[in-house]
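# Remarks on the overall topology
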Amino acid sequence: MHLADIDYLAFRGHSYWHRASAPAKILFTIAVIAAVVLSRKLLPLVLTLVLLLTLLITAGIPLRRFVHLLFYPAFLAGVFAMSLPGNGWTGPALVSLKAVTAATAMVLLLTTTGAPAIFTCLRGWLPPLIADAIFLTYRSFFILLDRLANFVTALKVKGGYNPLKLLVNLRSAAAALGVLLIHSLDTSERMYQVLALRGYRPGSFYEGKWYQPAPYDVGPLLAGLAVLLWVVML
């Protein structure tokens, strides 16, 4: 899923979850992550994951477009859990399920809430300059990720990648990362010049009333409270 897809889903959606304010959805995400951290059993995590998937479906988010992203945290968490002694199969399963559930909560937040709305809320806890820097880092990460995907495609087309030649692959990967580093430096310099020409001042990125409460906030707040309660009870 690319940045354009995330922005399109966040700004073009008209579901109940889309209409809730950003602070309510952020609080729901924090509650889910807290429940994930506190949970020591599989059943609460399974129920929480089912709830998140249901919310994604009802919000009109196509699951097929992001489900592959959940394999990365599941795989990394599973490898970490299996490296710990004496866990059996439940340990890796629990850690992997925690990673997938937390990642799904973040996907729900990003695909139903515009990035400017999220960073507007962060500005309430962070200095405006820091909030702007995090916002630019978020945007630049996806831009560089798309550029890296283009580099990998070019390497495959030009024969720079061969599954049987490790040294060739390493040399091509080093060249691609070097070009990407140069491109990132050039992009940051260009971005600085653009912001300077447009009279940038800290906190000037954000406009709108995303932080104001809405009647639809009841759903996310009650859902977050319910997740915490059933984790504690189960």
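Here goes a summary of the coordinates provided. (Residues numbered from 1 in each chain as written. Predicted model: local features only at pLDDT ≥ 70, side-chain atom pairs only at ≥ 80, totals over all residues. Heavy atoms only, no water.)

### Some remarks on the overall build of the protein chain
Scanning the protein chain from terminus to terminus reveals ten helices and zero strands. Taken from N to C terminus, the helices and strands of the protein chain fall in the order α-α-α-α-α-α-α-α-α-α. Going through the 234 residues of the protein chain one by one, you find that 35% of them count as buried. Per element, the accessible surface of the protein chain, about 14200 Å² overall, is 72% carbon and sulfur. (Helix = DSSP H or I, 4+ residues; strand = E, 2+ residues; numbered from the N terminus. Buried < 20%, exposed > 50% of the residue type's maximum accessible area, 1.4 Å probe, protein only. Areas by Shrake-Rupley, 256 points an atom, 1.4 Å probe, with all protein chains shown as cover.)

### Observations concerning the side chain of Asp217
Looking at the element boundaries, Asp217 is found in the loop between α9 (166-197) and α10 (218-233). One buried charged residue, Asp217, remains without a salt bridge, the closest side chain of opposite sign being Lys25 at 7.5 Å. When residues no more than four places from it in sequence are discounted, the contact partners of Asp217 are Ala20, Ser21 and Ala24. (Lys, Arg positive; Asp, Glu negative; His and termini not counted. Salt bridge = Lys/Arg side-chain N within 4 Å of Asp/Glu carboxyl O. Contact = heavy atoms within 4.5 Å.)

### Considerations on the packing of aromatic side chains
Summed over the entire model, instances satisfying the criterion amount to two aromatic pairs. For the pair Tyr16 and Tyr216, a centre-to-centre distance of 5.3 Å together with 80° between the ring planes defines the contact as edge-to-face. Placement of Tyr16 in helix α2 (residues 16-19) and of Tyr216 in the loop between α9 and α10 is noted, with a sequence separation of 200 residues between them. When its relative accessible area of 40% is taken as the criterion, Tyr16 is described as partly exposed. Taking relative accessible area as the criterion, Tyr216 reaches 30% and is therefore assigned partly exposed. For the pair Trp17 and Phe28, a centre-to-centre distance of 5.0 Å together with 75° between the ring planes defines the contact as edge-to-face. Highlighted residues: Trp17 in helix α2 and Phe28 in helix α3 (residues 22-38), separated in sequence by eleven residues. Side by side, Trp17 and Phe28 carry an identical accessibility label, which is buried. (Phe/Tyr/Trp six-rings, centres within 6.5 Å; stacked < 30°, edge-to-face > 60°.)

### Some words on the nonpolar core
Core analysis: the biggest nonpolar cluster contains 26 residues, and Trp17, Phe28, Val32 and Leu108 have the highest contact counts within it. For this core, the secondary-structure elements that each account for two or more residues are α3, α4 (42-58), α6 (90-112) and α10. The element best represented in this core is α6, accounting for seven residues. Ignoring anything within four residues of it in the chain, the contact list for Trp17 reads Lys25, Phe28, Leu55, Ala59, Leu108, Thr112, Gly219, Pro220 and Ala223. (Core = buried A, V, L, I, M, F, W, Y, C linked by side-chain atoms within 4.5 Å.)

### Observations concerning the packing of α3 against α10
Remark: α3 packs on α10, axes separated minimally by 8 Å, with the N-to-C direction vectors making an angle of 10°. Between α3 and α10, the interaxial angle falls into the category roughly parallel. Between α3 and α10, the residues in contact are Ala24, Lys25, Leu27, Phe28, Ala31, Val32, Ala34, Ala35 and Leu38 and Pro220, Leu221, Ala223, Gly224, Val227, Leu228 and Val231, respectively. A class-by-class count of the residues in the contact of α3 with α10 yields 14 nonpolar, one polar and one charged. (Axes fitted to C-alpha atoms, helices over the stretch in contact; angles between N-to-C directions. Parallel < 35°, antiparallel > 145°, perpendicular 65-115°, else oblique. Nonpolar A, V, L, I, M, F, W, Y, C, P; charged D, E, K, R; others polar.)

### Quick word on the environment of Thr101
Inspection of the secondary structure assignment puts Thr101 in helix α6. In the structure, Thr101 is positioned 53 residues away from Thr48 in sequence and 7.2 Å away in space, judged by C-alpha atoms. Apart from the residues within four sequence positions on either side, Thr101 is in contact with Val32, Val36, Leu45, Thr48, Leu49 and Leu52.

### With respect to α3
Here α3 spans 24 Å end to end across 17 residues, near enough to the 24 Å set by a 1.5 Å rise per residue. Here α3 has its buried residues at Ala22, Ala24, Lys25, Ile26, Phe28, Thr29, Ala31, Val32, Ala35 and Val36. Those residues of α3 that are buried lie in contact with α2, α4, α6, α7 (115-122) and α10. (Expected span 1.5 Å × (residues − 1).)

### Considering the environment of Thr111
Relative to the helices and strands, Thr111 resides in helix α6. C-alpha of Thr111 to C-alpha of Ile6: the two residues are 105 residues apart in sequence and 5.3 Å apart in space. At 2.6 Å, the side chain of Thr111 forms a polar contact with the backbone oxygen of Val107. (Polar contact = N/O pair within 3.5 Å; in protein donor to acceptor, adjacent residues only side chain to side chain.)

### Quick word on a nonpolar patch on the surface
Side chains of Tyr16, Val218, Leu222, Leu225, Leu229 and Met233 sit close together on the surface and give an oily, nonpolar patch of about 640 Å² of accessible area. It is α10 that provides the largest number of residues to the nonpolar patch, a total of five residues. Tracing the sequence through the fold places Leu222 in helix α10. Leu222 sits in the exposed class, given a relative accessible area of 53%. (Patch = residues over 30% accessible without salt bridge, like charges linked within 9 Å, V, L, I, M, F, W, Y side chains within 5 Å.)

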